[in-house]
Amino acid sequence: MPKRSAGLLMYRRREGHVEVLLVHPGGPFWMKKDAGAWSIPKGEYDEGEDAFAAATREFQEETGLVAQGPFLPLAQARQSGKIIQAWAFEGDCQPESLRSSTFALEWPPRSGRRQEFPEVDRAEWFGLEEARRKIIPGQVALLDELAAKVV
């Protein structure tokens, strides 16, 4: 059975254009990656757990913000064998003020030292065209559906 992830896609309108908030994953693997590395705030959830509850929890863990609806359901997307369920909502924030939870990782590898890294090391607003270049390819369908529904 494929892993399941749930997340929220925050968008805003600026000067007649839609912008989306994307997050960049933290940790040493993603440090120098940009195009095709950004994501909506999301995370895995357990069998039997409510996907929307998981999406709102993951959004808060990765951004430090509490999402306010109404929420627009988006069709599922597939990313590397994982199924992503997402909802969009209109909102605004200052990306530099966002705070992410952390995870521990042995770094450097085989060093025996564990270091803490943020799940998300930064967030930014992107117009839809730039967001399509920045986001992980498996999530582009979420941007396309959002554009079809709100533009």
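Before reading on, note that the structure itself is shown above.
Per chain, the residues get numbers from 1 upward, laid out in the order the sequence is written. For a predicted model such as this one, the threshold for reporting local features is a pLDDT of at least 70, and the threshold for listing and counting side-chain atom pairs is 80 or more; totals across whole chains, interfaces and linings nevertheless cover every residue. Heavy atoms from the whole structure form the basis of all side-chain values; hydrogens and water molecules are not counted.

### Overview of the packing of aromatic side chains
Here is the rule we go by: Here the aromatic set is Phe, Tyr and Trp, taking the six-membered ring for Trp, and pairing holds for ring centres within 6.5 Å; pairs whose planes are under 30 degrees apart are stacked, those over 60 apart are edge-to-face, and all others are tilted. Only DSSP runs of H or I reaching four residues or more are called helices, and only runs of E reaching two or more are called strands; each is numbered from the N terminus. Burial classification: accessible surface area is computed with a 1.4 Å probe over protein chains only, and a residue below 20% of its type maximum counts as buried, one above 50% as exposed, and the rest as partly exposed.
Following the criterion strictly, the structure yields seven aromatic pairs and no others. Seen in terms of ring centroids, Trp-38 and Phe-126 are 5.1 Å apart; in terms of plane orientation they differ by 80°. Their pairing is edge-to-face. Here the residue Trp-38 occupies a position in the loop between strand 2 (17-25) and strand 3 (42-44), and Phe-126 occupies one in strand 8 (residues 120-127), the gap between them amounting to 88 residues. The same class applies to Trp-38 as to Phe-126, namely buried. Judged by centre distance (6.0 Å) and plane angle (35°), the ring pair of Phe-103 and Phe-117 falls under tilted. Of this pair, Phe-103 sits in strand 6 (residues 102-106) while Phe-117 sits in strand 7 (residues 114-118), and the two are 14 residues apart along the sequence. On the basis of relative accessibility, which here comes to 11%, the residue Phe-117 falls in the buried class. Among the aromatic residues, ring-to-ring pairing joins Phe-52, Phe-59, Phe-71, Trp-87 and Phe-89 into one connected group.

### With respect to the side chain of Glu-62
As a reminder, the rule being used: Here the positive residues are Lys and Arg and the negative ones are Asp and Glu; neither His nor the chain ends is included. For this analysis, a salt bridge means a side-chain nitrogen from Lys or Arg found within 4 Å of a carboxyl oxygen belonging to Asp or Glu. For this analysis, a polar contact is any N or O atom pair within 3.5 Å, provided that within protein one partner can donate a hydrogen and the other can accept it, and provided that sequence-adjacent residues contribute only side-chain to side-chain pairs.
Mapped onto the elements, Glu-62 comes out in helix 1 (residues 51-63). Summary of buried charges: Glu-62 has no salt-bridge partner, and the nearest side chain of opposite charge, Lys-42, is 6.6 Å away. For Glu-62, the side chain forms a polar contact with the main-chain nitrogen of Lys-42, separated by 3.3 Å.

### Description of the pattern of salt bridges
Throughout the structure, instances matching the rule amount to 13 salt bridges. Here Arg-14 makes a salt bridge to Asp-92, at a shortest N to O gap of 2.3 Å. With Arg-14 in strand 1 (residues 4-14) and Asp-92 in the loop between strand 5 (82-90) and strand 6, this residue pair connects regions lying 78 residues apart in the sequence. For Glu-49, the salt bridge identified is with Arg-57, shortest N-O distance 2.3 Å. The network of salt bridges with common partners includes Arg-12, Arg-14, Glu-19 and Asp-92.

### Considerations on the nonpolar core
Threshold: In this description, a nonpolar core means a group of buried Ala, Val, Leu, Ile, Met, Phe, Trp, Tyr and Cys residues linked to one another through side-chain atoms lying within 4.5 Å. Here, two residues are considered to be in contact whenever any of their heavy atoms come within 4.5 Å of each other.
Ranked by internal contacts, the top residues of the largest apolar core, which has 21 residues, are Leu-9, Val-20, Leu-22 and Leu-146. Those elements that provide at least two residues to this core are strand 1, strand 2, strand 4 (72-79), strand 5, helix 2 (128-134) and helix 3 (140-150). No other element matches helix 3, which puts five residues into this core. Here Leu-22 is in contact with Trp-38, Ser-39, Ile-40, Arg-122, Ala-123, Glu-124, Phe-126, Ala-131, Lys-134 and Ile-135, once residues within four sequence places are set aside. Core analysis: the next-biggest nonpolar cluster, separate from the first, contains 18 residues, Ala-6, Met-10, Val-23 and Ala-67 among them.

### Details of unusual backbone geometry
Going from Gly-69 to Pro-70, the amide bond is cis rather than trans, its omega being 10°. When you line up the elements, Pro-70 lands in the loop between helix 1 and strand 4. A cis geometry characterises the amide bond from Trp-107 onward to Pro-108, with omega recorded as -5°. By the secondary structure assignment, Pro-108 is in the loop between strand 6 and strand 7. One non-glycine residue, Ser-80, lies in the positive phi region at around 50°. Assignment of secondary structure puts Ser-80 in the loop between strand 4 and strand 5. Unusually for a residue other than glycine, Arg-110 sits at a positive phi of about 60°. Along the chain, Arg-110 turns up in the loop between strand 6 and strand 7.

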